[in-house]
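The primary structure of each chain is shown beneath.
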Amino acid sequence: MEKYTYLLINFLTIIICFIFSFHHKIKFSRYFGAFFKSAFIVAFVFICWDIWFTKIGVWWFNNRYVMGWRIFNLPIEEVLFFFCIPFSCVFTYFCLDKFFNFQWNPSFEKLFVIFSIVVSASVGIYFSSRIYTSFTFFTTALSMLSLYFIFKQSWIGKASLIYLFLMPGFLMVNGVLTGTGLDSPIVNYNPDDFLGIRILTIPIEDAVYGYEMILWNIFLFKKFKIDEQNQSFLVSQRP
């Protein structure tokens, strides 16, 4: 049964959110199309990143906890990770945004974004010799710069707060992946390629990596969701 460990983690991550997607007060299921469009685009980029880092030995996977099916040397469970985790996070964002007001003051949000960009870029540059740290922090800075100042998105602060609420779940899932509760980690990291600062067993870079991935999923989900709503409206107006 050990070989199904990573698969089980993916399943447990998504199953509750999937079931509640059909709840009559939530109705997230009507936006499955928008989600999967966004998830495929973001997953493609992050899977390419994953393939590259696996190839150069930044991280690797413990065969003890995966079924053995691989795509470009990635366990199939790792590929599924880029759909299961975003589904749960986007679903949570959708629900909290629907039922609660997490809107930030625009001036405070701008200061937060600028501060985050400066800090992330500085960490990425300063630790340029550690590829996981440098690449993760620097691309996160570029992502926030693009989303806020180029694409003019005003939900970065709200998404950041909701991501903070998701931390307990993140700590459980990534904790198991990095060795919490197991004899050995499912995902192993080259100590020369990251800072070595961990939250329990989780490299701090993982939290930033996940944050960047979720920002892009939310951005594209919102875009495709609006497109689908507009198409539905146009269809309803036809004689």
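Just above, that's the structure.
Residues numbered from 1 in each chain as written. Predicted model: local features only at pLDDT ≥ 70, side-chain atom pairs only at ≥ 80, totals over all residues. Heavy atoms only, no water.

Undergrad: Break down the pattern of salt bridges for me, citing the residues and quoting the values.
TA: Counted according to the given criterion, the structure contains four salt bridges. A salt bridge links R64 to E2; the nearest nitrogen and oxygen atoms lie 2.9 Å apart. In this pair, R64 is assigned in the loop between β1 (59-61) and β2 (70-71) and E2 in the segment before α1 (5-20), connecting sequence segments 62 residues apart. For R64, a relative accessible area of 33% gives the class partly exposed. Classification of E2 as partly exposed rests on a relative accessible area of 38%. For K223, the salt bridge identified is with D227, shortest N-O distance 3.3 Å. On the criterion of helical spacing, the pair formed by K223 and D227 is a turn pair, its members being four residues apart in helix α8 (residues 204-237). Classification of K223 as partly exposed rests on a relative accessible area of 41%. Each of E2, R64 and D183 takes part in a single network of salt bridges with overlapping partners. (Salt bridge = Lys/Arg side-chain N within 4 Å of Asp/Glu carboxyl O. Helix = DSSP H or I, 4+ residues; strand = E, 2+ residues; numbered from the N terminus. Buried < 20%, exposed > 50% of the residue type's maximum accessible area, 1.4 Å probe, protein only.)

Undergrad: I'd like to hear about the nonpolar core, residue by residue, with values.
TA: F28, W59, W155 and I156 are the most contacted members of the largest nonpolar core, which totals 71 residues. For this core, the leading source of residues is helix α3 (residues 76-99), giving 13 residues. Once residues within four sequence positions are removed from consideration, W59 is found in contact with W49, D50, F53, T54, Y132, V187, N188, Y189 and Y209. (Core = buried A, V, L, I, M, F, W, Y, C linked by side-chain atoms within 4.5 Å. Contact = heavy atoms within 4.5 Å.)

Undergrad: Please provide a residue-by-residue account of the packing of aromatic side chains, values included.
TA: On inspection of all chains with the given rule, the structure shows 47 aromatic pairs. These aromatic residues form a ring-pair network of at least three members: F46, W49, W52, F53, W59, F81, F82, Y132, F135, Y189, F194 and Y209. Above the ring of F99, the side-chain terminus of K98 is found at 6.0 Å from the ring centroid. Cation over ring: K225 sits above Y31, and NZ or CZ is 5.2 Å from the ring centre. (Phe/Tyr/Trp six-rings, centres within 6.5 Å; stacked < 30°, edge-to-face > 60°. Lys NZ or Arg CZ within 6 Å of the ring centre and 35° of its normal.)

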